[in-house]
Amino acid sequence: MIGERLRLLVDGLTNFQKCSSGSEQPEKVREILDRIRRNQQEEIENYVSTLKEHGWIDSSGNFTVSVSKLIEEAQKGLSSNNHLFLYCLSKLMAYLSGEYLSNSFFFSTYHGTAYLDDTVYEEVYKKPEQFAFVIFDYHN
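Now for a quick tour of the structure.

Quick notes on the rules
Residues numbered from 1 in each chain as written. Predicted model: local features only at pLDDT ≥ 70, side-chain atom pairs only at ≥ 80, totals over all residues. Heavy atoms only, no water. Helix = DSSP H or I, 4+ residues; strand = E, 2+ residues; numbered from the N terminus. Buried < 20%, exposed > 50% of the residue type's maximum accessible area, 1.4 Å probe, protein only. Areas by Shrake-Rupley, 256 points an atom, 1.4 Å probe, with all protein chains shown as cover. Polar contact = N/O pair within 3.5 Å; in protein donor to acceptor, adjacent residues only side chain to side chain. Axes fitted to C-alpha atoms, helices over the stretch in contact; angles between N-to-C directions. Left-handed = near helix turned anticlockwise from the far one by under 90°. Contact = heavy atoms within 4.5 Å. Nonpolar A, V, L, I, M, F, W, Y, C, P; charged D, E, K, R; others polar. Parallel < 35°, antiparallel > 145°, perpendicular 65-115°, else oblique. Patch = residues over 30% accessible without salt bridge, like charges linked within 9 Å, V, L, I, M, F, W, Y side chains within 5 Å. Salt bridge = Lys/Arg side-chain N within 4 Å of Asp/Glu carboxyl O.

### Topic: the overall build of the protein chain
Alright, step 1. Across its full length, the protein chain holds five helices and zero strands.
Alright, step 2. Secondary structure elements of the protein chain, listed N to C terminal, follow the sequence α-α-α-α-α.
Alright, step 3. When the 140 residues of the protein chain are sorted by exposure, 38% land in the buried category.
Alright, step 4. Taken as a whole, the protein chain presents about 8600 Å² of accessible surface, with 52% of it coming from carbon and sulfur.

What follows is the structure, given as structure tokens:
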């Protein structure tokens, strides 16, 4: 799933015609921005879905796991059956706090965040001529 989303994003950037800023192709900037936003939302929804399946988030979207339970599971380490859920929780929190992950699809050097929140989205969407996309290869 990540591979397909990444391919679509790279295709969009590759077809950006090597312009130095959104002033040359503002609609392309908006298109790529929308694609990035969808990709990030899908990533977040996948983590939330996994946590819901395990009962760590209820149907209303509230966390049901206590801090003491998280610590207990972390103490068990990789041998814990809940390691995947600790991983999903950590990635969810990393996304929401703006930490760059290999599948963030975005980082704003101006805002210092990898999370495309409403404020960043609106600013770039309204003034694409003030922004540019830079492709780089980062993976872990």
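### Thoughts on the side chain of Asn103
Alright, step 1. By the element assignment, Asn103 lies in the loop between helix 4 (83-97) and helix 5 (118-126).
Alright, step 2. Asn103 gets classed as buried once you look at its relative accessible area, which sits at 9%.
Alright, step 3. Looking at Asn103, its side chain comes within polar contact range of the side chain of Glu43, at 2.5 Å.

### Regarding the packing of helix 2 (residues 26-53) against helix 4
Working note: a packed helix pair is described by the angle between its axes plus the distance between those axes.
Alright, step 1. Where helix 2 meets helix 4, the closest approach of the two axes is 9 Å, and the angle between their N-to-C directions is 145°. Helix-helix and strand crossings are classified by hand; for helix 2 and helix 4 the assignment is left-handed. Here Gln40, Glu43, Ile44, Tyr47, Val48, Thr50 and Leu51 of helix 2 lie close against helix 4, whose contacting residues are Leu84, Phe85, Tyr87, Cys88, Leu89, Lys91, Leu92, Tyr95 and Leu96.
Alright, step 2. Partitioned by chemical class, the residues of the contact of helix 2 with helix 4 number 12 nonpolar, two polar and two charged.

### Let's talk about the packing of helix 2 against helix 5
Alright, step 1. Packing of helix 2 against helix 5 leaves a shortest axis separation of 9 Å and a crossing angle of 165°. Here helix 2 lies roughly antiparallel to helix 5, going by the angle between them. Crossing geometry of helix 2 relative to helix 5 is assigned as left-handed. Of the residues in helix 5, those in contact with Val29, Arg30, Leu33, Asp34 and Arg37 of helix 2 are Asp118, Tyr121, Val124, Tyr125 and Lys126.
Alright, step 2. Per-class residue counts for the contact of helix 2 with helix 5 are five nonpolar, no polar and five charged.

### Here's the deal with the environment of Thr64
Alright, step 1. Relative to the helices and strands, Thr64 resides in the loop between helix 2 and helix 3 (67-76).
Alright, step 2. Thr64 sits 13 residues away from Leu51 along the chain, and the two C-alpha atoms are 9.8 Å apart.
Alright, step 3. Thr64 has contacts with Gly55, Trp56, Ile57 and Asp58, leaving out every residue within four places of it along the chain.
Alright, step 4. At 2.3 Å, the side chain of Thr64 and the backbone oxygen of Gly55 are in polar contact.

### Side note on a nonpolar patch on the surface
Alright, step 1. Taken together, the side chains of Phe63, Met93 and Leu96 present a nonpolar region at the surface, about 280 Å² in accessible area.
Alright, step 2. One can find Phe63 in the loop between helix 2 and helix 3.
Alright, step 3. Using a relative accessible area of 43% as the deciding quantity, one classes Phe63 as partly exposed.

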